[in-house]
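# A closer look at the structure
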Amino acid sequence: PCRAVLASMDHDELGAWLRLTLTPGIGNGAARRLLARFGLPQSIFQQTEAALQLCVPAAQAKALREIPQGWEALWQTTAQWLANATPQGPARAIVSLGDLRYPQALLDTEDPPLLLYLMGPALLLEHQPFPSDRCLAVVGSRNPTAQGAENARLFARALCGAGLTIVSGLALGVDAAAHEGALEAATSAGTMAATIAVVGTGLDRVYPRKNLDLAHRIAAHGLIVSEYPLGTPPLPGNFPKRNRIISGLSQGTLVVEAALASGSLITARMAAEQGREVFAIPGSIHAPQSRGCHALIRQGAKLVESAQDVLEELKIPATTVPGLPQEGVSAVGTTAPDKAEDPVLAALGYDPMGLDALIARTGMDASMLQVALLELELDGRVARLPGGLFQRVGRG
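Here we summarise the structure given alongside this text. (Residues numbered from 1 in each chain as written. Predicted model: local features only at pLDDT ≥ 70, side-chain atom pairs only at ≥ 80, totals over all residues. Heavy atoms only, no water.)

## What to know about the sheet that holds strand β2 (residues 115-120)
Across the sheet, which stays open at both edges, the nine strands sit in the order β1-β2-β6-β5-β4-β3-β7-β8-β9 with mixed pairing between neighbours. Of all the strands in the sheet, the pair left with one neighbour each is β1 (91-96) and β9 (302-303). In the sheet, β1 pairs with β2 via six bridges, with the strands oriented antiparallel. Among the inter-strand pairings, Ile94 is bridged to a residue of β2, identified as Tyr117. In this fold helix α6 (residues 71-83) packs onto β1 and β2, with an angle of close to 130° to the strand it touches most, β1. (Pairing = 2+ DSSP bridges. Helix = DSSP H or I, 4+ residues; strand = E, 2+ residues; numbered from the N terminus. Contact = heavy atoms within 4.5 Å. Axes fitted to C-alpha atoms, helices over the stretch in contact; angles between N-to-C directions.)

What follows is the structure in structure tokens.
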């Protein structure tokens, strides 16, 4: 069957919803008041200015009686986007506040979007697309340490393997690593979304472009979600706003690494305001990327050292899916002690360290130490950081 049937509204209803979202001065709050009083958007646009003023100020009532600039072009473009979905590609749908498929968890938040644009497998979009009690947001720095990126991947892999859908924002760094980890644990059954990417652009664009291949794989095994109309560019203000959707879809938010000024802390704050759990992974006291997590922990976020900590807090049984190693559910981001640990790794510990300090700790000369570090780096056990520093990378 043609994927266009997955659109949740007919052509005229689609046009009315788009007109409502484009009307100047009508935000989500005003739109919800209008919908509560008059019903579907088509009915709103049939009202007189006097009737509209029972819900909104005169200027907004007047704006509702006028055709927004660019509305008809967007209407046709959006209808064409829905119709052009192919059986070989991901399905497409637009879900409104009144659609039964609209995620209840998001509907219960203070500011739910009027429309959600969706791309993903048809099986997910034909039914309720969001298991609201089975989603966890994983967010963090766009410039994580090597250990931070590895922790995001391993936590997401283990948690998805335990039955959670991983929600993130398709950004570079921790977001991308979390999506990758979830995709590693994706099953072929197609009954659950491995991962959900909530983006700050229209779904006809991918930002950043470096994540284009990742976006295609998410659309095949999960969902890509946006509240923004097609053609919306990556405007800076869109990304903090979309964070409320990331946290709103999820039972909890796990912050892997974050500086004090990180946008991930916005997501964590929104999660707390929405009554969701907030988790944070502690890190080195010397790493700027850990300070945001440490601040969250001081404010009451749950300190987690393994995926098992998250599962226990959310009261989710640590079951695994076929093909996922059992070790992935616990002790994520840590390495079991070797019987004879490499002396360079033992000296390095888990904090970033410079070459001179390592020479002092190991007693090795510089050339021998450089060779040892290179071997460990090629083996994926040590990462080279800016400033001539080295850091141990834990493997779960």
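## Considerations on the sheet that holds strand β10 (residues 353-354)
Ordered in space as β10-β12-β11, the three strands form an open sheet in which the pairing is antiparallel. Each of the sheet's edge strands pairs with one partner strand only, and the pair in question is β10 and β11 (382-385). Relative to strand β12 (residues 389-392), β11 runs antiparallel, the two sharing four bridges. From the neighbouring strand, Val382 faces β12, where its bridge partner is Arg392.

## Points about unusual backbone geometry
Here Tyr207 and Pro208 are connected by a cis peptide whose omega angle stands at -5°. Locating Pro208 in the fold gives a position in the loop between β5 (195-198) and α11 (212-221). Positioned with a positive phi, Leu170 is a non-glycine residue whose angle comes to about 60°. For Leu170, the location among the structural elements is in the loop between β4 (165-168) and α10 (174-184). Relative accessible area serves as the criterion here: at 2%, Leu170 is assigned to the buried category. Even without being glycine, Lys315 reaches a positive phi, approximately 60°. The residue Lys315 is located in the loop between α15 (307-313) and α16 (343-348) in this model. On the accessibility criterion, Lys315 (72% relative accessible area) is exposed. (Buried < 20%, exposed > 50% of the residue type's maximum accessible area, 1.4 Å probe, protein only.)

## Some points on the packing of aromatic side chains
Per the counting criterion, the structure on display carries two aromatic pairs. Measuring from ring centre to ring centre gives 4.9 Å for Trp71 and Trp75, while their planes differ by 25°; the resulting arrangement is stacked. Linking Trp71 with Trp75, this pair stays in helix α6, spanning four residues, or about one helical turn. The pair Trp71 / Trp75 is uniform in exposure class, with both members buried. Taken together, a centroid distance of 5.7 Å and an interplanar angle of 45° make the contact between Tyr207 and Phe239 tilted. Of this pair, Tyr207 sits in the loop between β5 and α11 while Phe239 sits in helix α12 (residues 238-248), and the two are 32 residues apart along the sequence. The lysine or arginine in question, Arg19, covers the ring of Phe45, its NZ or CZ lying 3.9 Å from the ring centre. (Phe/Tyr/Trp six-rings, centres within 6.5 Å; stacked < 30°, edge-to-face > 60°. Lys NZ or Arg CZ within 6 Å of the ring centre and 35° of its normal.)

## Some details on the side chain of Thr232
Assignment of secondary structure puts Thr232 in the loop between β6 (223-226) and α12. Among the polar contacts listed, one links the side chain of Thr232 to the backbone oxygen of Pro229, at a separation of 2.7 Å. Ignoring anything within four residues of it in the chain, the contact list for Thr232 reads Thr201, Gly202, Arg205 and Asn238. (Polar contact = N/O pair within 3.5 Å; in protein donor to acceptor, adjacent residues only side chain to side chain.)

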